Each structure stands twice: as C-alpha cells, then as structure tokens.
Amino acid sequence: KGHQPFWSQDKTICLIFNGEIYNYVEIRKELENLGHSFLTSCDTEVLLVGYQAWGMDVLKYCNGPIALVLFDERKNKLFMARDRIGKSPLYYTIYHGALYWASEVKCILRMAGHSSFDINEQAVYDYLNYGWRDLDNMTFWKKINTFPAASYSWIDTCKPVSHESINSQIKQYWQFPQSRQSTK
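How each quantity is defined
Residues numbered from 1 in each chain as written. Predicted model: local features only at pLDDT ≥ 70, side-chain atom pairs only at ≥ 80, totals over all residues. Heavy atoms only, no water. Pairing = 2+ DSSP bridges. Helix = DSSP H or I, 4+ residues; strand = E, 2+ residues; numbered from the N terminus. Contact = heavy atoms within 4.5 Å. Axes fitted to C-alpha atoms, helices over the stretch in contact; angles between N-to-C directions. Phe/Tyr/Trp six-rings, centres within 6.5 Å; stacked < 30°, edge-to-face > 60°. Buried < 20%, exposed > 50% of the residue type's maximum accessible area, 1.4 Å probe, protein only.

J.: Would you take a moment to explain the sheet that holds strand β8 (residues 151-156) for this structure?
T.: Sheet strands line up and pair through hydrogen bonds in the backbone, either parallel or antiparallel. In space, the 6 strands of this open sheet follow the order β1-β2-β3-β4-β8-β9, with antiparallel pairing throughout. One side of each edge strand has no neighbouring strand; the edge strands of this open sheet are β1 (6-7) and β9 (171-172). Examined bridge by bridge, strand β2 (residues 13-19) and strand β3 (residues 66-72) share 7 bridges and lie antiparallel to one another. Bridge pairing links I13 to D72 in β3. Packing against the sheet, helix α2 (residues 43-54) makes contact with β1, β2, β3 and β8, and its axis sits at approximately 130 degrees to β2.

Below you can see the structure in the form of structure tokens.
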C-alpha cells in the first residue's frame with residue numbers, strides 16, 4: 001500500500017521515494033510512541049510521517065539507501081534529499097524553466113530528448129580513462145546533475161528555479177566520520 005506518489009492523511013504532503021529504509025520498523029514504533037498513526041505497513045509512510053514529526057531531521061533517523069522528493073503544500077516547497085552514501089540515485093535538471101528529476105538520467109533524456117543536452121566531454125573522458133562516474137555531481141550531459149549524497153535542499157515552488165538557485169540551497173546533513181569508532 002505504499003504506492004507512489006504517496007500522500008499524507010491530510011493531503012498536504014506528497015512524497016516520491018526511491019530506496020528502502022532498513023530500520024523503518026523501529027522508526028515507526030518511535031513515531032507511534034509520539035502519538036502518530038499509520039494506514040499502511042510500508043517504509044514510505046514511515047518516511048512521510050517522520051517528516052511530519054521531525055522535518056528534515058527525519059534523514060538522521062533513516063538507515064538505508066534513499067532518494068526522495070517531497071512537496072509540502074503548506075510551505076509551497078519541494079524537499080529533495082539523498083542518503084548518506086549516495087547509494088540511491090537522484091538526478092535533476094532545469095528544462096524550459098521547470099525542475100525535472102528522476103532516479104535515472106534516461107528518464108530525463110526521454111522527456112526532453114537527447115539533443116536537448118550537450119555532452120559533457122570531461123565527464124566522458126574521466127569515465128573512459130579512470131572509470132570515474134558522476135564526479136562532482138556531473139553526469140555525461142551538461143545541465144543534468146546528480147543530487148549530492150548526504151544532502152538536502154528546499155526549493156520554493158513560488159519562485160523561478162535555476163541550477164544556481166538549487167545549488168545554492170543544497171545543505172549537507174551528514175559527513176563521513178574521520179576516524180573509526182572503537183569498541184573498547
């Protein structure tokens with residue numbers, strides 16, 4: 001019953017989510033202890049209810065590969081985020097003044113047409129020579145970016161959108177630990 005797009009019970013928040021939350025059962029129990037109720041047993045609803053309870057801090061609770069885009073009608077904003085390691089993909093572009101996103105670049109290319117985007121020769125070179133892919137959030141096509149791992153962004157749907165406006169709003173919510181934790 002986690003079919004998407006997934007709407008909040010009051011129909012003010014819409015979530016599109018790719019991946020899975022390994023610890024969603026534990027998060028659900030914590031949310032139930034806070035008084036929240038659920039209509040399904042899916043991790044999608046846990047993510048949405050977690051957002052309602054904690055806002056963007058829900059990302060700190062989630063273990064597993066996730067990429068999400070959420071529309072909060074009350075704020076007139078989109079919330080985009082990606083898991084800590086960047087396992088679940090999230091690509092985006094601005095095309096004819098509108099934001100498009102997908103979990104695969106081919107979806108964006110199909111929508112806009114392959115000829116709508118110039119080839120990013122540096123990205124192709126890096127891949128063919130070094131096996132590097134999506135380095136610095138660049139793809140093989142100019143103007144199609146990878147949303148950064150361990151990051152989120154709020155996008156005001158009432159204002160014009162651009163790559164610059166999105167990039168300036170991207171915030172990192174987690175950093176890879178500099179040292180290993182000791183079990184001693």
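That shown, we press on.
J.: Can you help me understand the sheet that holds strand β6 (residues 98-102) in this one?
T.: With antiparallel pairing, the 3 strands of this open sheet are ordered in space as β6-β5-β7. With partners counted over all chains shown, the strands left at the sheet margins are β6 and β7 (145-146), one partner each. Where strand β5 (residues 91-95) lies against β7, 2 bridges are found, and the strand directions are antiparallel. Bridge pairing links Y92 to N145 in β7. Lying on the sheet, helix α4 (residues 105-112) is in contact with β5 and β6; it crosses β5 at an angle near 20 degrees.

J.: When you look at the packing of aromatic side chains in this model, what are you seeing that I'm missing?
T.: The geometry of an aromatic ring pair comes down to the distance between the two centres and the angle between the two planes. What the rule picks out here adds up to 13 aromatic pairs. Taken together, a centroid distance of 6.1 Å and an interplanar angle of 40 degrees make the contact between Y95 and F117 tilted. Of this pair, Y95 sits in strand β5 while F117 sits in the loop between α4 and α5 (121-130); the two residues are 22 residues apart in sequence, bridging distant segments of the chain. F117 gets classed as buried once you look at its relative accessible area, which sits at 6%. On the numbers, 4.5 Å between centres and 25 degrees between planes, the contact of Y130 with W132 is stacked. Y130 sits in the partly exposed class, given a relative accessible area of 46%. Look at W132 and you get partly exposed, because its relative accessible area is 43%. Pairwise contacts between aromatic rings join Y51, F79, Y152 and W154 into one cluster.

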